[in-house]
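# Tertiary structure, described
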Amino acid sequence: MDDAVALLLAFTSPELDVIGITTVAGNAGIGQVVDNALRLCDLIGVDAQVPVVRGHAGPIARAVRIPDEPVHGEGGLGGVRLPPSARTPHPAHAVAWLAAQLRDRGPASTTVIATAPLTNIAALLHAHPEAASSIKEIVLMSGAAFAPGNVTPSAEFNLFADPEAARFVTEAGVPLRIVGLDVTRKALTTRADIDELLADGAPATTAAGRMLRR
């Protein structure tokens, strides 16, 4: 749900130019994540030229696939059902798509925002180390350095879900902006905020309110 609201916000923020959405298994399986992203794009009228790209279905170095988690409710969106999308995912894999996008851009030109396990990013930096020069910074919604974890007493889910990928990314030498649980737990949404979203009437705003209400 938090990633869905982040996408809704990103596409309505004039300071951002979103060039694509890459997906990875996390609290929900990869198929559900891709489907949710496509439906969200329809909901807010994202330009068809902005692709949704399928990424890794499980951790980069472990045989066990990340299981679906019931944390975010049925379908991963708190039980909110969005209309089916007529869009289809981009045919490339997320790692290949990211590499191609970064190859065509200048040095330090692109910010990668990672709100999920870092499997795709680690695979990108391992297979295409030259792509690092085009990354301005990677913004991570990860970690629990200054707050208790949400999976174990010391571990936050996105890093816990693929620790080998997380280690590779943090040691790759790319500039990082790490937004951990100590920060995200201060970004509170009150019932009054949710009521305001629900009262707005716009489809995306109402959907965000319904997700957050759960």
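Our subject is the structure that appears above.
Everything in this summary refers to the structure shown in the same document. Computed from a predicted structure; not experimentally measured. (Residues numbered from 1 in each chain as written. Predicted model: local features only at pLDDT ≥ 70, side-chain atom pairs only at ≥ 80, totals over all residues. Heavy atoms only, no water.)

## Focus on the pairing of strand β4 (residues 135-141)
The buried count for β4 comes to five of seven residues, which makes it a mostly enclosed element. Between strand β3 (residues 110-114) and its parallel partner β4, the chain crosses via helix α4 (residues 119-127), and the hand of that crossover is right-handed. Pairing geometry for β4 and strand β5 (residues 176-179), over four bridges, is parallel. Bridging from a neighbouring strand, V139 pairs with R177 of β5. (Buried < 20%, exposed > 50% of the residue type's maximum accessible area, 1.4 Å probe, protein only. Helix = DSSP H or I, 4+ residues; strand = E, 2+ residues; numbered from the N terminus. Right-handed = clockwise from strand over helix to strand, strands pointing away. Pairing = 2+ DSSP bridges.)

## A short note on the nonpolar core
Across soluble globular proteins, nonpolar side chains have a tendency to be buried as a group. Counting 23 residues, the largest nonpolar core has L118, I121, L124, L125, I135, I138 and V169 as its most contacted members. With six residues, the single largest contributor to this core is helix α3 (residues 94-103). Apart from the residues within four sequence positions on either side, I135 is in contact with L102, A108, T110, V112, L125 and V174. Ranked by size, the runner-up nonpolar core spans 11 residues in total, among them L40, L77, V80 and A204. (Core = buried A, V, L, I, M, F, W, Y, C linked by side-chain atoms within 4.5 Å. Contact = heavy atoms within 4.5 Å.)

## A word on the packing of α4 against helix α6 (residues 163-170)
The relative placement of two packed helices comes down to the angle between their axes together with the axis-to-axis distance. Where α4 meets α6, the closest approach of the two axes is 8 Å, and the angle between their N-to-C directions is 50°. By the angle between their axes, α4 is oblique relative to α6. When you trace α4 past α6, the crossing you get is left-handed. When α4 is examined against α6, the residues T119, I121, A122, L125 and H126 are found in contact with a partner set consisting of A165, F168 and V169. For the contact of α4 with α6, the residue count by class is six nonpolar, two polar and no charged. (Axes fitted to C-alpha atoms, helices over the stretch in contact; angles between N-to-C directions. Parallel < 35°, antiparallel > 145°, perpendicular 65-115°, else oblique. Left-handed = near helix turned anticlockwise from the far one by under 90°. Nonpolar A, V, L, I, M, F, W, Y, C, P; charged D, E, K, R; others polar.)

## Considering unusual backbone geometry
Despite not being glycine, A108 shows a phi value in the positive range, around 50°. Structurally, the position occupied by A108 is in the loop between α3 and β3. On the basis of relative accessible area, A108 is assigned to the partly exposed category, the value being 45%.

## What about the pattern of salt bridges?
Counted by the stated rule, this structure contains five salt bridges. The partner of R39 in a salt bridge is D35, with the nearest N and O atoms 2.8 Å apart. Highlighted residues: R39 and D35, both in helix α2 (residues 30-44), separated by four residues, approximately one helical turn. (Salt bridge = Lys/Arg side-chain N within 4 Å of Asp/Glu carboxyl O.)

## A few points about a negative patch on the surface
Residues D193, D195, E196 and D200 make up a contiguous surface patch of negative charge. With respect to the helices and strands, D200 occurs in helix α8 (residues 191-200). On the basis of relative accessibility, which here comes to 48%, the residue D200 falls in the partly exposed class. (Patch = residues over 30% accessible without salt bridge, like charges linked within 9 Å, V, L, I, M, F, W, Y side chains within 5 Å. Areas by Shrake-Rupley, 256 points an atom, 1.4 Å probe, with all protein chains shown as cover. Lys, Arg positive; Asp, Glu negative; His and termini not counted. Charge placed at Lys NZ, Arg CZ, Asp CG, Glu CD.)

## Side note on the packing of helix α1 (residues 2-11) against helix α9 (residues 203-213)
At their nearest, the axes of α1 and α9 sit 10 Å apart, and the two run at 155° to each other. Between α1 and α9, the angle is such that the two are roughly antiparallel. In the packing of α1 onto α9, the handedness of the crossing is left-handed. On α9, the residues that touch A4, V5 and L8 of α1 are A204, A208, M211 and L212. Of the residues assigned to the contact of α1 with α9, the class counts are seven nonpolar, no polar and no charged.

## Details of the environment of L188
If you trace the backbone, L188 turns up in the loop between α7 (181-184) and α8. By relative accessible area, which is 65% here, L188 ends up exposed. Note: C-alpha distance between L188 and G58 (130 residues apart in sequence) is 30 Å.

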